[in-house]
Amino acid sequence: ASEGGGALAELAIAGTGQVLLSANDVLGNEAAGDGGGVLVRLAGDGAGARGIEATGNQGSGNVAGGSGAGRDLTLADGASTTEAGEITATGNVINGNSATVGGGGLRASAGTTGTVAATKITVDSNSVRDNTAASYGDAAGCAASSSLG
């Protein structure tokens, strides 16, 4: 696959939206670009909170030619956004994945060009081991970034 080797979800919404990944096994997938195991991109504009939640998933042996070999979770809000966005990753097992760029196990990226109060990324109580990345997020296998406009 070019992106999202195991699963790909891309949504563009003009309101409130939530993507939930729960209790999935994503094993031994490959993508030439981002998201060797799973790639989720949630983009929106206008009123409404948007979020991505990954809970209780297992991902191992996934390879990405870009970033986020195990999980790549991206939340992008536009200029008219008025509410905070959130990415949450809890209780996941992410082991033995490899990314050519960053976030060998997990990459979580959130940003906005709007005037929101905050964009929040929570990575808690996960098992993230033996992942590799050539650029960033190699030591623990995680890379998280947030940018506000």
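Please refer to the structure higher up on the page.
As the structure is a computational prediction, the values presented were derived from the model and not from experiment.

On to the overall build of the protein. Secondary structure assignment for the protein yields zero helices and 17 strands. Per-residue burial for the protein yields a buried fraction of 47% across its 149 residues. Of the accessible surface of the protein, which amounts to about 6,200 Å², a share of 51% is contributed by carbon and sulfur atoms.

Phi at Ser-125 is positive, roughly 55°, even though this residue is not glycine. On the accessibility criterion, Ser-125 (58% relative accessible area) is exposed.

Now for the pairing of strand 2 (residues 17–22). Along strand 2, the buried face is formed by Gly-17, Val-19 and Leu-21; none of Gln-18, Leu-20 and Ser-22, which line the opposite face, is buried. Pairing of strand 2 with strand 6 (residues 50–55), which is carried by six bridges, proceeds in the parallel orientation. Looking at strand 6, one finds that Leu-20 is bridged to Glu-53.

Pairing is parallel across the open sheet formed by four strands, whose spatial order is 2-6-10-14. Both edges of this open sheet fall to strand 2 and strand 14 (119–124), since each of them pairs with a single strand only. The average undirected angle you get between the axes of adjacent strands in this sheet is 5°. Bridge count between strand 10 (residues 85–90) and strand 14: six bridges; the pairing is parallel. The residue of strand 14 that forms the bridge with Ala-89 is Val-123.

A few words on the environment of Asn-92. Within the secondary structure, Asn-92 sits in the loop between strand 10 and strand 11 (93–95). Discounting residues that sit within four places of it in the chain, Asn-92 has contacts with Ala-54, Thr-55, Gly-56, Asn-57, Ser-125, Asn-126 and Ser-127. A polar atom in the side chain of Asn-92 sits 2.9 Å from the backbone nitrogen of Asn-57.

This part is about the sheet that holds strand 12 (residues 98–99). Reading across the sheet, the four strands line up as 4-8-12-16 and stay open at both edges, with parallel pairing between neighbours. Looking at strand neighbours, the two that pair on one side only are strand 4 (30–31) and strand 16 (132–133), the edges of this open sheet. Two elements, strand 4 and strand 8 (residues 63–64), share two bridges in a ladder whose sense is parallel. Bridge assignment links Ala-31 to a residue of strand 8, and that residue is Ala-64.

Our focus in this paragraph is the environment of Arg-41. As for its placement among the helices and strands, Arg-41 is situated in strand 5 (residues 38–44). Arg-41 sits 33 residues away from Thr-74 along the chain, and the two C-alpha atoms are 4.8 Å apart. With near-sequence residues (within four places) excluded, Arg-41 lies in contact with Glu-3, Ala-9, Glu-10, Leu-11, Asp-34 and Thr-74. A distance of 3.0 Å separates polar atoms of two side chains, one belonging to Arg-41 and the other to Glu-10.

We now examine the nonpolar core. In terms of nonpolar packing, the biggest core is built from 17 residues, with Leu-21, Val-40, Ile-52, Leu-73, Leu-75 and Ile-87 touching the most fellow members. When residues of this core are traced back to their parent elements, those giving at least two are strand 2, strand 5, strand 6, strand 9 (71–77), strand 10 and strand 13 (106–112). Those residues in contact with Leu-73, other than ones at most four positions away along the chain, are Leu-21, Val-40, Ile-52, Ala-54, Ile-87, Leu-106, Arg-107, Ala-108 and Ser-109.

Calculation rules
- Counting from 1, residues in each chain are numbered in the order their sequence is written.
- Totals for whole chains, interfaces and linings use all residues, but because this is a predicted model, local features are given only for residues with pLDDT of at least 70 and pairs of side-chain atoms are given and counted only at 80 or more.
- Note that water and hydrogens are dropped before the side-chain values are worked out from all heavy atoms of the structure.
- The numbering of helices and of strands both runs from the N terminus, where a helix is a DSSP run of H or I of at least 4 residues and a strand a run of E of at least 2.
- Three labels apply to residues, based on accessible area from a 1.4 Å probe with only protein chains included: buried if under 20% of the type maximum, exposed if over 50%, partly exposed otherwise in between.
- For accessible areas, the Shrake-Rupley method is used with a probe of radius 1.4 Å. Any residue's cover is judged against the shown protein chains and nothing else.
- DSSP calls a pair of strands paired once it identifies at least 2 bridges connecting them.
- To get an axis, a line is fitted to the C-alpha atoms, and for a helix only the part in contact is used. The angle between two axes follows their N-to-C directions and goes from 0 to 180 degrees.
- For this analysis, residues touch if any pair of their heavy atoms sits within 4.5 Å.
- Any pair of nitrogen or oxygen atoms within 3.5 Å is treated as a polar contact; in protein, a donor-acceptor pairing is required on top of that, and neighbouring residues in sequence qualify only through side-chain atoms on both sides.
- Note on terminology: a nonpolar core comprises buried Ala, Val, Leu, Ile, Met, Phe, Trp, Tyr and Cys residues joined through side-chain atoms within 4.5 Å.

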